[in-house]
Amino acid sequence: MSETLIRGTHPYHFRSGEWARLLTVVEAPDPARDCYVVQFGDGVTDFWVVEDDAARYELRKAPRA
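Quantities reported herein were computed from a predicted structural model and do not represent experimental measurements.

Calculation criteria
Residue indices follow the written sequence of each chain, beginning from 1 at its first position. Only residues with pLDDT of at least 70 are given local features in this predicted model, and only at 80 or more are side-chain atom pairs given and counted; all residues enter the totals for whole chains, interfaces and linings. As a rule here, side-chain values cover all heavy atoms of the structure and leave hydrogens and water aside. The salt bridge definition used is simple: a Lys or Arg side-chain nitrogen within 4 Å of an Asp or Glu carboxyl oxygen. Note on exposure labels: buried denotes an accessible area under 20% of the residue type's maximum, exposed denotes more than 50%, and partly exposed covers the range between, all computed with a 1.4 Å probe on protein chains only. Residues enter patches when their relative accessible area tops 30% and they take part in no salt bridge; the joining distance is 9 Å for like charges and 5 Å for the nonpolar side chains Val, Leu, Ile, Met, Phe, Trp and Tyr. Computed with a 1.4 Å probe, the accessible areas rest on the Shrake-Rupley method; for each residue, only the protein chains presented here act as cover. Counted charges follow a simple rule, with Lys and Arg positive, Asp and Glu negative, and His plus the chain ends left uncounted. For this purpose, a charge sits on NZ of Lys, CZ of Arg, CG of Asp or CD of Glu. We count a stretch as a helix when DSSP gives it H or I for four or more residues in a row; a strand needs E for two or more, and each element gets its number in order from the N terminus. For Phe, Tyr and Trp, where Trp contributes only its six-membered ring, two rings pair if their centres lie within 6.5 Å, and the inter-plane angle classes them as stacked under 30 degrees, edge-to-face over 60, or tilted in between. Consider the ring centre and the ring normal. A charge sits over the ring if Lys NZ or Arg CZ is within 6 Å of that centre and within 35 degrees of that normal.

**Notes on the pattern of salt bridges**
And then number 1: Tallying each qualifying case throughout the model produces four salt bridges.
And then number 2: As a salt-bridge pair, glutamate 18 and arginine 15 come within 3.1 Å of each other at their nearest N and O atoms.
And then number 3: Note on arginine 15: relative accessible area 22%, which makes it partly exposed.

Set out below in C-alpha cells:
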C-alpha cells in the first residue's frame with residue numbers, strides 16, 4: 001500500500017506548497033467537522049479541515065523508494 005501525500009497550495013496555508021504525509025482523517029469535536037491529520041518530514045503534525053476550498057489541497061501517491 002502506498003502512502004498518500006498532501007499539500008495546501010494557497011499562499012497563506014500553513015507550510016504552503018510543502019508535501020506532508022496524510023496520516024488519517026478524524027472528526028474535530030467542536031465544531032464537528034472532518035480533519036486531515038498530516039505530518040511533515042521534520043515530524044511537525046497539524047490538523048487540516050477536509051472541506052476547506054480555500055486551501056486548494058493537492059494529493060498524490062508517495063514515490064516508491
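**A look at a negative patch on the surface**
And then number 1: Residues Glu27, Asp34, Glu51 and Asp53 make up a contiguous surface patch of negative charge.
And then number 2: Counting through the fold element by element, glutamate 27 comes out in strand β2 (residues 20-29).
And then number 3: On the accessibility criterion, glutamate 27 (56% relative accessible area) is exposed.

**Some points on the packing of aromatic side chains**
And then number 1: A complete count under the given rule lists four aromatic pairs for this structure.
And then number 2: Measuring from centroid to centroid gives 5.9 Å for phenylalanine 14 and phenylalanine 40, while their planes differ by 80°, and the two rings are edge-to-face. Of the two residues, phenylalanine 14 sits in the loop between β1 (4-8) and β2 while phenylalanine 40 sits in the loop between β3 (32-39) and β4 (45-49), which places them 26 residues apart along the sequence.
And then number 3: Among the aromatic residues, those joined into a ring-pair cluster are Phe14, Tyr36, Phe40, Trp48 and Tyr57.
And then number 4: Arginine 15 extends its terminal NZ or CZ atom over the ring of phenylalanine 40, reaching a point 4.3 Å from the ring centre.
And then number 5: Its end group placed over the ring of tryptophan 19, arginine 60 keeps NZ or CZ at 4.4 Å from the ring centre.

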